[in-house]
Protein chains: 4
Amino acid sequence: MSIEFDTNIPIYIQIMTIIKKRIITGEMVAGDKVPSVRELATELKTNPNTIQRTFQELEREGIVETKRGLGRYVTSEEAIIMNIKKEMANDLLNTFIEGMRGLGFNNNEIVDIVDNTIKEKVEEQQEDVR
Amino acid sequence: MSIEFDTNIPIYIQIMTIIKKRIITGEMVAGDKVPSVRELATELKTNPNTIQRTFQELEREGIVETKRGLGRYVTSEEAIIMNIKKEMANDLLNTFIEGMRGLGFNNNEIVDIVDNTIKEKVEEQQEDVR
Amino acid sequence: MSIEFDTNIPIYIQIMTIIKKRIITGEMVAGDKVPSVRELATELKTNPNTIQRTFQELEREGIVETKRGLGRYVTSEEAIIMNIKKEMANDLLNTFIEGMRGLGFNNNEIVDIVDNTIKEKVEEQQEDVR
Amino acid sequence: MSIEFDTNIPIYIQIMTIIKKRIITGEMVAGDKVPSVRELATELKTNPNTIQRTFQELEREGIVETKRGLGRYVTSEEAIIMNIKKEMANDLLNTFIEGMRGLGFNNNEIVDIVDNTIKEKVEEQQEDVR
DNA sequence: GTGGTCTAGACCACG
DNA sequence: GTGGTCTAGACCACC
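Residues numbered from 1 in each chain as written. Chains lettered and ligands numbered in written order. Predicted model: local features only at pLDDT ≥ 70, side-chain atom pairs only at ≥ 80, totals over all residues. Heavy atoms only, no water.

I keep staring at the protein's contact with DNA strand F and nothing clicks. Help me out?
Neighbouring residues of DNA strand F: 26 residues in total, closest Q52 and R72 of chain A, P10 of chain B together with I11 and R68 of chain D. Contact between DNA strand F and R53 of chain D: a phosphate oxygen at 3.4 Å from a side-chain N or O atom of the residue. Looking at the surface near DNA strand F, the elements with two or more residues in it are α2 (37-43), α3 (48-60) and β3 (71-74) of chain A, α1 (11-24) and α3 (48-60) of chain B together with α1 (11-24) and α3 (48-60) of chain D. The leading source of residues in the surface near DNA strand F is α3 of chain D, at three residues. Of the residues assigned to the surface near DNA strand F, the class counts are eight nonpolar, 13 polar and five charged. (Near = heavy atom within 4 Å. Polar contact = N/O pair within 3.5 Å; in protein donor to acceptor, adjacent residues only side chain to side chain. Helix = DSSP H or I, 4+ residues; strand = E, 2+ residues; numbered from the N terminus. Nonpolar A, V, L, I, M, F, W, Y, C, P; charged D, E, K, R; others polar.)

Explanation requested: unusual backbone geometry in the structure shown.
Trans is the common state for peptide bonds, and a negative phi is the common state for residues other than glycine. Residue and element names in this part refer to chain B. Of note in this structure, K45 is not a glycine but carries a positive phi near 50 degrees. Along the chain, the position of K45 falls in the loop between α2 (37-44) and α3. When its relative accessible area of 66% is taken as the criterion, K45 is described as exposed. (Buried < 20%, exposed > 50% of the residue type's maximum accessible area, 1.4 Å probe, protein only.)

Would you mind going over the side chain of T54 of chain A with me for this structure?
All names here are of chain A. Structurally, the position occupied by T54 is in helix α3. Given a relative accessible area of 0%, T54 falls into the buried group. Those residues in contact with T54, other than ones at most four positions away along the chain, are Y12, I15, M16 and I19. (Contact = heavy atoms within 4.5 Å.)

Just to check I follow, could you spell out the packing of helix α1 (residues 11-24) of chain C against helix α4 (residues 78-102) of chain C for this structure?
The axes of two packed helices give the description: the angle between them and the distance between them. Residue and element names in this part refer to chain C. Look at α1 against α4: their axes get within 10 Å of each other, and the N-to-C directions meet at 120 degrees. As judged from the angle between their axes, α1 and α4 are oblique. When you trace α1 past α4, the crossing you get is left-handed. Across the interface between the two elements, T17, K20, I23 and I24 from α1 touch I81, I84, K85 and M88 from α4. Its residues placed into classes, the contact of α1 with α4 shows five nonpolar, one polar and two charged. (Axes fitted to C-alpha atoms, helices over the stretch in contact; angles between N-to-C directions. Parallel < 35°, antiparallel > 145°, perpendicular 65-115°, else oblique. Left-handed = near helix turned anticlockwise from the far one by under 90°.)

Got a minute to help me understand the relation of the copies chain A and chain D in this structure?
Two copies of the chain are present, and they differ by a rotation about an axis and a shift along that axis. For the pair chain A and chain D, the relating rotation is 180 degrees, the translation along its axis is 0.1 Å, and the fit reaches an RMSD of 0.0 Å. Taken together, the rotation angle and the small translation identify this as a two-fold axis. Comparing interface residues between copies, 100% of those in chain A also sit at the interface in chain D, which points to an isologous, same-surface contact. (Least-squares fit on C-alpha atoms with pLDDT ≥ 70 in both.)

Could you clarify how one ought to interpret the pattern of salt bridges in this entry?
When the charged atoms of two side chains with opposite charge come close together, those side chains can pair. Residues and elements named next belong to chain A. Tallying each qualifying case throughout the model produces 23 salt bridges over all chains. Residue R22 pairs with E43 through a salt bridge whose shortest N-O separation is 3.5 Å. Taken together, the positions of R22 in helix α1 (residues 11-24) and E43 in helix α2 put the pair 21 residues apart, joining distant regions of the chain. On the basis of relative accessible area, E43 is assigned to the partly exposed category, the value being 29%. (Salt bridge = Lys/Arg side-chain N within 4 Å of Asp/Glu carboxyl O.)

Please clarify how the protein's contact with DNA strand E should be interpreted in this entry.
As a matter of local geometry, DNA strand E sits amid 26 residues, with I11 and R68 of chain A, P10 of chain C together with Q52 and R72 of chain D nearest to it. Of all DNA strand E atoms lying within 4 Å of any protein atom, the proportion belonging to sugar or phosphate reaches 68%. Here a base nitrogen of DNA strand E sits 3.3 Å away from a polar atom, N or O, in the side chain of N49 of chain D. Of all elements in the fold, only α1 and α3 of chain A, α1 and α3 (48-60) of chain C together with α2 (37-43), α3 and β3 (71-74) of chain D reach the threshold of two or more residues within the surface near DNA strand E. The element best represented in the surface near DNA strand E is α3 of chain A, accounting for three residues. For the surface near DNA strand E, a count of residues per class yields eight nonpolar, 13 polar and five charged.

Help me understand helix α4 (residues 78-102) of chain A, please; the structure alone is not making it clear to me.
Because each turn of an α-helix spans 3.6 residues, side chains separated by three or four positions end up pointing in the same direction. Residues and elements named next belong to chain A. If you check α4, its first and last C-alpha atoms are 37 Å apart, about what 25 residues at 1.5 Å a residue would give, namely 36 Å. The sharpest bend along α4 reaches about 25 degrees and sits at I84. All of the buried residues along α4 are I81, I84, M88, A89, L93, F96, I97, G99 and M100. Positive backbone phi, approximately 95 degrees, marks G104, located one or two places after α4. (Expected span 1.5 Å × (residues − 1). Bend = angle between axes of the 7 residues up to and from the residue.)

Following this line, the structure appears as structure tokens:
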């Protein structure tokens, strides 16, 4: 895998969301072993310390668990996993709505804008398909 | 005015949006003189360097213009001002939609979620009012 | 027996105290044969290397003795066994008292705190029983 | 200041408690600026990264706050500071009591032991003074 | 000057 | 082989 990271966001954060997405999409499930620090470091061409930091944070969020000498595992508490998607969506939503409010849009306008934009995007995609 | 800034976002960015909002809301209009660096620095209790940086960026975006010896002014090109709101909204929208896509939501789901969330928020506000 | 170990303390240390407690409580007495490495490893579902390490340390402390070809035995020197409890208690006590001193508590305060806490705990237990 | 660290406990943890103690003893109070990363690193002869880690953790516990470009400060929320001593004492106490229970001591015995030990220590100190 | 992040590489304890 | 910690040194954004 070759990824280029956004230079404005800490790499360890970007890797965190990569892993979270892998879990959300079911690519990784509860109890799965996650790649070792060194493995991921090589795969993503980053420094092991950066990956270490990634997992340290994921652990603090309860998403992975460490078993000494054995490796790290996706938490077996399904509840936590279930929540990841919900939380991430919520974060996006709030930043968006608060931002729009700050620009002076009211509720109806916000819904309208989203509605229209999405529709446009659908058409774009259909054009792509044709 | 006494504001506490979000520690995780550069202050100069936060001040930039403050000024942009003043323009969007009509509080400041094309051709207006903007406060001097020192003035704003005192008003917002920040370091003058920070304000300097703010204007430097606003200038890069064409939103303010410097007239040597006279001060800084909101650009007189109406077109640019008209675009600020649109651009800011667009940025928010794109981050949001791309983020949701990344989480595996499809178009219909996104619209639904926004719709429901907004409705909930409306109710919350009404409760606050009662 | 199925135990889950505290992830932050080396498993071999945790097993050491398990064995020491068995001796303190009289479950195992001087001269008793201790389980073999493989046996204990299966019983506690750990890696044999870990058990090996456990015994290595217990041997260093003079608590078990190895008889080549025969197995390991709780030391027959009663004096050592007698001391285990005393030493373990002493260690706990010292860490505690030194810690409290470091926090600025004086002798009277320390005794008071212990006294009160214990009393509270007694009440809690009584509530549990009711 | 020249300190030798306990090799079995992460240095960043040891420095954390040093700072907490400085706060508990009133040596540092709410709102005080804490030494910069580089400063402390030189003073304690450790690597700046280690100090960085220390503050990162203290920040997560709400004990210090970071102001970008200005430095770090002891939190101004008095409540948090008030709690540090209580929490640290509680931790010590619990480890102690649980440990003693594990060794088979009952409540009365624990209180007695503490009582006697403390008295002994008092005498020792008096001897030192004479 | 301050903190935040990253790379590079090392050592250790653990299983 | 695995993670945890530490040192060394660098670059950057921010104030």
